[in-house]
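Listed below are the residues making up each chain.
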Amino acid sequence: MDTKVIDQYIDDLMTKSTAEIPVWNIEKARAGVKSGWDYIDGCMIMALLELYDTSKNEKFLKFADYYEDYRIHDDGTIDGYSKDAWNIDEINGGKNLFPLYALTKKEKYRLALEKLYEQLKEQPRTKEGNFWHKAIYPNQVWLDGLYMGQPFYMEYTATFEDGKNKDDIYNQFFNVERIMKNPADGLYYHCYDSSKSAFWCDKNTGLCQNYWLRALGWFSMAMLDTLNHAPDRGSENWNHLKQMFIDLQDSMLRVQDESGMWYQLPALPNVDGNYLETSGTAIFAYSLLKALRTGILSDEKYKKAGIKAFEGICNKYLKTEGGVLSLDGICLVAGLGPEKNKRRDGTVAYYLSEPIVKDDAKGVGPFILAYNEYKLLKK
């Protein structure tokens, strides 16, 4: 594999992007609006910061700092952020402010961290104690949301509060294991409605109908990052979460395709219209390989599966056309509801109806994260 080609692809993404119009935010581009503060851009900047962390190449830090500095004011207020939406996705970008504050010493980043943490302190919760996904999704827990909020929550409480809220974080994961995991195959349903009233949910269990690859991936990364930020490594709760992480990897390995990739609906590979999907595969490649590097996984089978997943993406979806590299096979978006959007009903047909795009950060960010781990491993 020619890593120079991928390195050039990453350079081009930075060169062609501005803080207002990043080329990787396909959702915003399609909507005809400028980028603000959202989890999509957060994914991309995180990938660049991890490249900096392992390479110490200043260009990655310089771009990440420029990008975040542009939208964060001296008092810590963030352009495009609204606490009152109670949107757990909005927390994701805050993860990048921990390393940026440590590296640049800009007080605005610490103040912005405090503002985001204020949201978590007041975030509405389900009766089980889990954060709502958003105000427009009351009483709902989505696997995606565990990734958006919990690693930030753990890093904040470990960094600034001596870890006082770590058990709250663990319990939110354990609730998901108890409620959203299917013991028959070890996979997790995408969403749960604690009130059992949403039009898409089973009225007895509150669960949606299907597993979605990228949501499973976000949940995998949620556990991985939380484990690596936790201040009590080796404790009973930490070991419980570690076992949850390992169990999910084992379950996913059982449904990994021969190509190394996973399907959009991973448990239904033979359903007409199902396809091998880039973003979720990249997330699992990253999860497997970084977990090996950070000592959470150790078995050789995980290394083989992670390498096979990354190389599978490159073989199928990384293409050069007219001298320009692009990454295809990325599901643009998927979710359940809200009430006014009955199309998003969680059926097989729904998940297979969402657009498949190229070069969107929800695929590119995880791909770069996986690429970084792959390069480190190959060294």
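Source: prediction; values computed, not measured.

## Examining the overall build of the protein
Along its length, the protein carries 14 helices and 8 strands. Compactness check: the protein gives a C-alpha radius of gyration of 19 Å against a globular reference of 21 Å for 379 residues, within 12% of the reference. Seen along its three principal axes, the alpha-carbon backbone of the protein occupies a region of about 50 × 50 × 45 Å. Out of the 379 residues belonging to the protein, those deemed buried represent 59%.

## Brief notes about helix H11 (residues 278-293)
Here H11 spans 22 Å end to end across 16 residues, near enough to the 22 Å set by a 1.5 Å rise per residue. Counted residue by residue, H11 has 14 buried out of 16 residues, so it is predominantly covered. After H11 finishes, the residue Gly295 shows a positive phi value of roughly 80°.

## Some remarks on the pattern of salt bridges
Per the stated rule, a full pass over the model turns up 25 salt bridges. Here Lys59 ties to Asp11 by a salt bridge, and the two come within 2.8 Å at their closest N and O atoms. With Lys59 in helix H4 (residues 58-71) and Asp11 in helix H1 (residues 3-15), this pair connects stretches of sequence that are 48 residues apart. Here Glu20 and Lys34 are joined by a salt bridge, their closest N and O atoms 3.5 Å apart. Here the residue Glu20 occupies a position in the loop between H1 and helix H2 (26-31), and Lys34 occupies one in the loop between H2 and helix H3 (39-55), the gap between them amounting to 14 residues. Residue classification places Glu20 among the partly exposed positions, given a relative accessible area of 29%.

## Points about the pairing of strand E5 (residues 318-321)
Direction of pairing for E5 relative to strand E6 (residues 324-327): antiparallel, over a ladder of 4 bridges. When the bridges of E6 are listed, Glu321 appears paired with Val324. The antiparallel hairpin formed by E5 and E6 contains 2 residues in its connecting segment, where Gly322 sits at a positive phi of about 60°.

## Digging into the environment of Ile356
Relative to the helices and strands, Ile356 resides in strand E8 (residues 356-357). Residue classification places Ile356 among the partly exposed residues on the basis of a relative accessible area of 43%. In the structure, Ile356 is positioned 217 residues away from Asn139 in sequence and 29 Å away in space, judged by C-alpha atoms. Look past the residues within four positions of Ile356 in its chain and what remains in contact with it is Tyr275, Asp328, Gly329 and Ile330.

## What to know about the packing of aromatic side chains
Under the defined criterion, the tally for this structure stands at 23 aromatic pairs. A centroid spacing of 5.7 Å and a plane angle of 65° characterise the contact between Phe63 and Tyr66, whose relative ring orientation is edge-to-face. With Phe63 and Tyr66 both in helix H4, this residue pair falls 3 residues apart, about one helical turn. Ring centres of Tyr117 and Tyr153 lie 6.1 Å apart, and the angle between their planes is 55°; on these two criteria the pair is classed as tilted. Taken together, the positions of Tyr117 in helix H6 (residues 107-122) and Tyr153 in helix H7 (residues 143-160) put the pair 36 residues apart, joining distant regions of the chain. For the residue pair Tyr117 and Tyr153, the accessibility class agrees, reading buried in each case. Every member of this aromatic cluster is reached through a ring pair, and the members are Phe98, Tyr117, Phe131, Phe152, Tyr153, Tyr156 and Phe160. A cation over a ring is seen here: Lys95 above Tyr147, with NZ or CZ 3.4 Å from the ring centre. The ring centre of Phe199 lies 5.0 Å from the NZ or CZ of Lys342, which sits over that ring.

## With respect to the nonpolar core
Ranked by size, the top nonpolar core spans 132 residues in total, and within it Phe173 and Phe219 carry the most contacts. The element best represented in this core is H3, accounting for 11 residues. Residues within four places of Phe219 in sequence aside, it is in contact with Leu143, Leu146, Phe173, Val176, Tyr188, Met244 and Leu248.

## Digging into helix H5 (residues 97-104)
Every buried residue of H5 is accounted for by Leu97, Phe98 and Leu100. For H5, the secondary structure elements touched by its buried residues are H3, H4, H6 and H7. One or two steps after H5, the chain reaches Lys105, where phi turns positive at roughly 65°.

## Observations regarding the environment of Met44
Here Met44 lies in helix H3. Classification of Met44 by relative accessible area gives buried; the value is 0%. Distance from Met44 to Asn237, taken between C-alpha atoms, is 30 Å for residues 193 residues apart in sequence. Apart from residues no more than four positions distant in its own chain, Met44 is found in contact with Leu13, Trp24, Ala361, Val364, Gly365 and Ile368.

## Notes on the packing of H11 against helix H12 (residues 300-317)
Two numbers describe how H11 lies on H12: the axes approach to 8 Å, and their chain directions differ by 150°. If you check the angle between H11 and H12, you find them roughly antiparallel. Crossing of H11 against H12: the hand is left-handed. Here H11 contributes Thr278, Thr281, Ala282, Ala285, Leu288, Leu289 and Leu292 to the contact with H12, which in turn contributes Tyr302, Lys303, Ala305, Gly306, Ile307, Ala309, Phe310, Ile313 and Tyr317. The residue makeup of the contact of H11 with H12, split by class, is 12 nonpolar, 3 polar and 1 charged.

## Quick look at the side chain of Lys290
On the secondary structure map, Lys290 appears in helix H11. Residue Lys290 is classed as buried on the basis of its relative accessible area of 12%. Reaching out from Lys290, the side chain makes a polar contact with the side chain of Glu50 at a distance of 3.0 Å. The contact partners of Lys290, leaving out residues within four places of it in the chain, are Glu50, Leu224, Asn228 and Glu373.

Scoring rules and cut-offs
Residues numbered from 1 in each chain as written. Predicted model: local features only at pLDDT ≥ 70, side-chain atom pairs only at ≥ 80, totals over all residues. Heavy atoms only, no water. Helix = DSSP H or I, 4+ residues; strand = E, 2+ residues; numbered from the N terminus. Rg over C-alpha atoms; globule rule 2.2 N^0.38 Å. Buried < 20%, exposed > 50% of the residue type's maximum accessible area, 1.4 Å probe, protein only. Expected span 1.5 Å × (residues − 1). Salt bridge = Lys/Arg side-chain N within 4 Å of Asp/Glu carboxyl O. Pairing = 2+ DSSP bridges. Contact = heavy atoms within 4.5 Å. Phe/Tyr/Trp six-rings, centres within 6.5 Å; stacked < 30°, edge-to-face > 60°. Lys NZ or Arg CZ within 6 Å of the ring centre and 35° of its normal. Core = buried A, V, L, I, M, F, W, Y, C linked by side-chain atoms within 4.5 Å. Axes fitted to C-alpha atoms, helices over the stretch in contact; angles between N-to-C directions. Parallel < 35°, antiparallel > 145°, perpendicular 65-115°, else oblique. Left-handed = near helix turned anticlockwise from the far one by under 90°. Nonpolar A, V, L, I, M, F, W, Y, C, P; charged D, E, K, R; others polar. Polar contact = N/O pair within 3.5 Å; in protein donor to acceptor, adjacent residues only side chain to side chain.

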